[in-house]
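One-letter residues, chain by chain:
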Amino acid sequence: MLSNQPFLLEGNHPHHACLLLHGLGGGSFEMQLLGQHLHRNGYTVQALNYPGHDRKRAIMPASRWEEWYEAVRERYLSLRERFSCVSIVGFSTGCLLGLHLAASHDVHRLVCLSPFLAVRHRWYYVLRPERYLFSIGHLVPFVPRLRPPVNDPEMARHAEGASYFRTFSLHSARSAVLLIREVKNELGKVQTPILIIQSPRDRVVDPEGARYLFGKVGARFKELHWLRESN
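Residues numbered from 1 in each chain as written. Predicted model: local features only at pLDDT ≥ 70, side-chain atom pairs only at ≥ 80, totals over all residues. Heavy atoms only, no water.

Let's talk about the overall build of the protein
Put simply, the rule is: Secondary structure elements follow DSSP: runs of H or I no shorter than four residues count as helices, runs of E no shorter than two count as strands, and numbering proceeds from the N terminus. We compute the radius of gyration over the C-alpha atoms and compare it with the globule rule, which gives 2.2 Å times the number of residues raised to the power 0.38. Exposure categories follow from relative accessible area, calculated using a 1.4 Å probe and restricted to protein chains: below 20% of the type maximum is buried, above 50% is exposed, and the middle band is partly exposed. The contact definition used throughout considers only heavy atoms, calling two residues in contact when any of these lie within 4.5 Å. Each accessible area value is a Shrake-Rupley result obtained with a 1.4 Å probe; residue values ignore everything except the protein chains displayed when judging cover. Under this rule, positive means Lys or Arg and negative means Asp or Glu; His and the chain ends count for nothing. The location of each charge is read from NZ of Lys, CZ of Arg, CG of Asp or CD of Glu.
In terms of regular secondary structure, the protein is built from seven helices and nine strands. Computed over the C-alpha atoms, the radius of gyration of the protein is 17 Å, within 12% of the 17 Å expected from 2.2 N^0.38 for a compact globule of 231 residues. With the principal axes as the frame, the protein shows a C-alpha extent of 50 × 40 × 35 Å. With 231 residues in all, the protein has 50% of them scored as buried. Relative to all contacts within the protein whose residues are 6 or more apart in sequence, the contacts with residues 24 or more apart total 76%. Summed over all atoms, the accessible surface of the protein reaches about 11700 Å², with 55% contributed by carbon and sulfur. Put simply, the protein has 29 plus and 20 minus side-chain charges, and the middle of one group is 4 Å from the middle of the other.

If you want it as C-alpha cells, here you go:
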C-alpha cells in the first residue's frame with residue numbers, strides 16, 4: 001500500500017544517502033517503492049512533500065518552484081551534515097529541482113526519471129508567463145486531474161488512493177514552466193554524473209526532453225536508458 005507521508009529510512013551505509021524528489025502535483029508516494037528498494041540495499045533514504053503538496057485536500061494549492069527548491073535544499077544540506085555523499089533521484093519536476101541543486105552544490109550522483117522539460121502534447125504553451133497577465137490563470141486557478149498514467153492497473157489504483165489532489169494548480173504549473181527555463185540555462189554547469197531514464201510511451205512528459213537533457217548537461221559521465229514497456 002502506498003502512503004503520501006514523507007519518510008526517512010535509516011540505512012547502514014556510513015557515507016551515502018539518497019534524497020528522492022517527487023513530481024508536480026504528486027508526493028512522496030511516487031518515490032516510496034524505489035526508496036524502500038534503496039533502503040534494503042543499505043542506503044539512508046529521505047523523501048519529502050514540497051510546500052503546496054503537503055496538505056491533504058482535494059484541490060491542489062498554489063505554490064512556486066522557489067518554495068519547493070528551498071525545501072529540497074534544506075533537506076540536502078541536512079543530509080550533508082551526516083553523509084559525505086548525497087545522491088538525488090528526481091521524478092518529472094523533481095528532476096528539475098535536482099538539476100538546479102546540482103548546478104550549485106556538490107551532489108554525488110543524479111538520477112532523472114522522466115525529466116519534465118516539455119509536456120507531451122505541447123498544450124503547455126498556454127502556461128507561458130506572458131499569457132498570464134489578466135488571463136486565464138487568474139480566472140481558472142485549477143483544472144481536473146485525470147487518472148494516474150500508470151499501465152499496471154493495481155499500481156494505478158494504489159497511486160490514485162495515495163494522491164492528495166484531484167486537480168492541478170495552473171499557478172503551480174506555470175511556476176514549473178519557469179523552472180524549466182531556469183534549468184535549461186544552467187545545464188552546462190551540471191557536472192554531477194547523471195543517469196536519465198525515460199519511456200518513449202510516456203503520456204505526460206515529452207520523451208524528447210530526455211534526449212535534450214542528455215545532449216546539454218555538462219556532466220562527463222552520463223547515461224540515457226529507455227524503458228520500453230512503461231509509461
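Focus: the layout of surface pockets
Quick note on the threshold: The method works on a 1 Å grid over the protein atoms by themselves. A cavity is a set of points holding a 1.4 Å probe that cannot get out, a pocket is an open set with protein on both sides within 12 Å along at least five of seven lines, and residues with an atom within 4 Å of a point line them. Grid points are joined across faces, edges and corners, and a volume is the space filled by probe spheres set on the points.
Size it by volume and the largest pocket reaches roughly 1800 Å³. Breaking the lining of the largest pocket down by element, the ones donating at least two residues are α1 (32–40), β6 (142–144), α5 (153–162), β7 (167–169), α6 (170–184) and β8 (194–198).

Notes on α1
Condition: This arc is taken over the directions from the axis of the helix to the C-beta atoms.
Those residues of α1 that fall on the buried side of the exposure criterion are Gln-32, Gly-35 and Leu-38. On an axial view of α1, the arc spanned by its buried residues comes to 125 degrees, and they lie on one face. Buried residues in α1 make contact with β1 (7–9), β2 (16–21) and β3 (44–47). Of the residues one or two after α1, Gly-42 is the one with positive phi, at around 100 degrees.

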